[in-house]
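Listed here are the chains, written in short residue letters.
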Amino acid sequence: MLEDILRKPRAIYYGLPTWQKAIVGNLYHLVPQRLRLGKNYLKFQRLLEASEYWTKQQWEEFQYRELLHTITQAYDHVPYYRKSFSEHGLSSADFTCLDDIKKFPTLSKKDIQENYDDLIADNVPAWRHLVTTTGGSTAEPLAFLQEKGITRSKEHAFIWGGWSRVGYYPRARAVQFKGRSVGNPKRNIYWEYEPIQGFLEMDSNFLTESRIPLYLDAIRDFKPEYLIGYVSSIHQIAQFLKTNPRKDFPRFKAVCLASENVYPWQREFLKEVFGCRIFSHYGHSEMVLLGMECEESHNLHFFPQYGYLEVLDAHGNILKEPGETGELVGTSFHNNVMPLIRYHTQDYGIIGEDECKCGRHNPIISDVEGRLQEFIVTADNRLISICVMGAAHFNISKFVYETQYYQERPGHVVFRVVPRGDFGEEQKTIIINTLKTKLGDDVTVEIEDVERLKKSQNGKHIMIEQKLSVPTYMDNI
Ligand SMILES: [Zn+2]
């Protein structure tokens, strides 16, 4: 795949002056899509089209075959798994049906950090290794390997395929907000056209009340059909538009949110301001699981073609009943270099109803409850997911732009706010009272007003900077 070969030149490309970038980008774009995205892109695209409405039985057969391949590759060629399976008295021959997966040991982020070299397969040449890292919003950044020629093709096919549920097509005009540094901030330009993907790429790190009008003018002039990116950035734009409505602002076909957890109150607010479908998906840098909304609902439909999803309770039991909450644990498909088997994502989800109006028979998660670290610990050691704090945020958005929780001891949270307009003791009291209705009496709240909030390495919004180790309190969920 050309994009993998061009990975290093791409870094050079991003360093070029804008006019040179435009020339190179437009030339690159003349290369046919088949060549740019590779033959595997088409393979995955065909798989997606052919299997979209498969029955449960067809999925079980497909997933058994893929899992057997992953487990066999791991046992035959990956030293870490060979050892750990043997310690449990297992080999790949013990995987005879889907249910057998529960016999196999799970894998944590710490296991990957401590056994990185032993997790690399001995039968894949080093030139096929694709090194990836997690952004690490709250956890330590983690490195792992994927496969050149496959991983990126697969990702493009699944993301674009999923977005097609709201009409997206490759090369649609879209504005994207990610943490990438673009434009020329010294000249008040915080964006640039990215001809390789056809996006107007905007830098989310400079979004402030005084600069947002400049961003809005650039979006209007670009005439996009879609708005894509971090919900935290798009939410800031929406807040501005709510108090400063603009008639000339384009109406999007959909807003596609990526990379950050989306809270229901954020979705409601964006829908009210933009008046279009707010569409989100769940994914992660490890690329083990991918869940996407559908035409009919906001529930996340996990692609059975992409990886194998399990929902586990705190004791490692598999949960199946709608309404139950557990950790999302995944097994990767299509990664022979470093297969991840029963990998703990540290994300929590609520199991949704089996069937959906759209007719797909995919495992459904009605809500991702939040990253493991996205909980507040009360003085009584209760855990409160920051998802449930939604209504509180909604009520205070009139006088704050951005918010972030900080906690370093149970029962006390610091609530950092970037204020807007008049902000004083009266507003602080309102915030404290609003938060306390959700948190209860065993939590004290301290307000800290700041100019900017700390972001992750990738420029993502960090909803909570949690210094406590939440797993220690996990039995209380
Ligand atoms: Zn559906």
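First things first, this report covers the structure right here in the doc. (Residues numbered from 1 in each chain as written. Predicted model: local features only at pLDDT ≥ 70, side-chain atom pairs only at ≥ 80, totals over all residues.)

### Considering the nonpolar core
Threshold: Structurally, a nonpolar core is described as a collection of buried Ala, Val, Leu, Ile, Met, Phe, Trp, Tyr and Cys residues joined by way of C-beta atoms within 7 Å. Burial is judged by counting the other C-beta atoms within 10 Å of a residue's own C-beta: 20 or more makes it buried, 12 or fewer makes it exposed, and any count in between marks it as partly exposed, with every C-beta position built from the backbone. Here a strand is any run of E in DSSP of at least two residues, a helix any run of H or I of at least four, and the numbering for each starts at the N terminus. Our contact criterion uses C-beta atoms placed from the backbone: two residues qualify when those atoms are within 7 Å.
Tyr81, Leu289, Leu290, Leu300, Phe302, Met338 and Ile341 are the most contacted members of the largest nonpolar core, which totals 45 residues. Top element by residues in this core is helix 6 (residues 56–77). It accounts for four residues. Not counting chain neighbours up to four residues away, the residues in contact with Ile341 comprise Thr70, Ile71, Ala74, Tyr81, Phe104, Leu107 and Thr331. Counting 35 residues, the second-largest nonpolar core is a separate cluster that includes Leu200, Tyr226, Ile237 and Phe274.

### What to know about unusual backbone geometry
The phi dihedral of His334 falls on the positive side, at around 60 degrees, and the residue is not glycine. Structurally, His334 is set in the loop between strand 12 (325–332) and strand 13 (343–351). A count of 21 C-beta atoms within 10 Å places His334 in the buried class. Residue Asn381 is not a glycine yet carries a positive backbone phi of 65 degrees. Mapped onto the fold, Asn381 is located in the loop between strand 15 (375–377) and strand 16 (383–385).

### Some words on the packing of helix 5 (residues 39–51) against helix 9 (residues 151–163)
Just so we agree on the cut-off: To define axes, lines are fitted to C-alpha atoms, for helices over the stretch in contact only, and angles between the resulting N-to-C directions are given on a 0 to 180 degree scale. Should an angle lie under 35 degrees it is considered roughly parallel, over 145 roughly antiparallel, and from 65 to 115 roughly perpendicular; all remaining angles are considered oblique. Crossings are assigned a handedness: left-handed for a near helix turned anticlockwise from the far helix by less than a right angle, right-handed for a clockwise turn. Asp, Glu, Lys and Arg are counted as charged, while Ala, Val, Leu, Ile, Met, Phe, Trp, Tyr, Cys and Pro are counted as nonpolar; the rest, among them Gly, fall into the polar class.
Here helix 5 crosses helix 9 at 40 degrees, and the two axes come no closer than 8 Å. Regarding the angle of helix 5 to helix 9, the classification is oblique. Here the hand of the crossing between helix 5 and helix 9 comes out right-handed. On helix 9, the residues that touch Asn40, Tyr41, Phe44, Gln45 and Leu48 of helix 5 are Ser153, Lys154, His156, Ala157, Phe158 and Gly161. Class assignment for the residues of the contact of helix 5 with helix 9 results in five nonpolar, five polar and one charged.

### Things to note about the environment of His69
Among the secondary structure elements, His69 is positioned in helix 6. Look at His69 and you get partly exposed, because 15 C-beta atoms sit within 10 Å. A C-alpha to C-alpha distance of 8.3 Å links His69 and Phe333, two positions 264 residues apart in sequence.

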